[in-house]
Amino acid sequence: MDKRIAICPGSFDPITIGHIDIIKRAAAMFDKIIIVVMKNINKTGSFSPEERKEFIVKSVADIPNVEVDIYGGLLADYAAQKNACAIIKGLRAMSDFEYEFQMALTNKKLNPNVETIFLTTSTENMYLSSSMVKQIASMGGDISDFVPPVILDEITTRLKKD
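Residues numbered from 1 in each chain as written. Predicted model: local features only at pLDDT ≥ 70, side-chain atom pairs only at ≥ 80, totals over all residues. Heavy atoms only, no water.

K.L.:
Sorry, what's going on with the sheet that holds strand β1 (residues 5-10) here?
P.N.:
Working definition: the strands of a sheet are paired by backbone hydrogen bonds and lie parallel or antiparallel to each other. The strand order across the open sheet built from five strands is β3-β2-β1-β4-β5, with neighbouring strands paired in parallel fashion. The two strands at the open ends of the sheet, each matched to only one other strand, are β3 (66-71) and β5 (115-120). On average, adjacent strands in this sheet sit at an angle of 30° to one another, irrespective of strand direction. Pairing geometry for β1 and strand β2 (residues 32-38), over six bridges, is parallel. Of the residues in β2, the one forming a bridge with Ile-5 is Lys-32. Sheet strands in contact with helix α1 (residues 17-27) are β1, β2, β3, β4 (86-91) and β5, and its direction is about 125° off that of β5. Lying on the sheet, helix α4 (residues 94-110) is in contact with β4 and β5; it crosses β5 at an angle near 160°. (Pairing = 2+ DSSP bridges. Helix = DSSP H or I, 4+ residues; strand = E, 2+ residues; numbered from the N terminus. Axes fitted to C-alpha atoms, helices over the stretch in contact; angles between N-to-C directions. Contact = heavy atoms within 4.5 Å.)

Right, here's the structure in full:
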């Protein structure tokens, strides 16, 4: 029997508990989840793709059917290379949906064998974004409720401005 593989793409700069929630829920639905750190030309990262990958690896170590990768090309091509049947995207609000819906249609056109599945965020994470986490941390705020504990110190130290 073929494994049902799903890709969970994002910039993850840095990964948040909202991302972890989506990943855990997706991992329960598929045989294998590949979290892929994508390079977003519209975003300037605070952490290198390799640092983000390491943060994710530490944060999902307790989820056995998850692996982590980095990719700089088209998501539709990556999904084809990995024989994935689905792309998992988390949605916080309607504003997320418009952009993600357009991306889903584009990916379907580029790779007809992959479906995009939207998972809505848990209500307690609706406000949460990596950008917000970076802003709070840069101003010395407490981000312990927003990021996995295993990477909290690394993120806080790196983002805190003197």
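Here the narrative resumes, following the displayed structure.
K.L.:
Sorry, what's going on with the pattern of salt bridges here?
P.N.:
Side-chain pairs of opposite charge can arise where the charged atoms are in close proximity. Across all of its chains, the model carries eight salt bridges by this definition. Note that Glu-67 is salt-bridged to Lys-32, the shortest N-O span being 3.1 Å. With Glu-67 in strand β3 and Lys-32 in strand β2, this residue pair connects regions lying 35 residues apart in the sequence. With a relative accessible area of 22%, Lys-32 lands in the partly exposed category. (Salt bridge = Lys/Arg side-chain N within 4 Å of Asp/Glu carboxyl O. Buried < 20%, exposed > 50% of the residue type's maximum accessible area, 1.4 Å probe, protein only.)

Keep in mind these values describe shape, not function.
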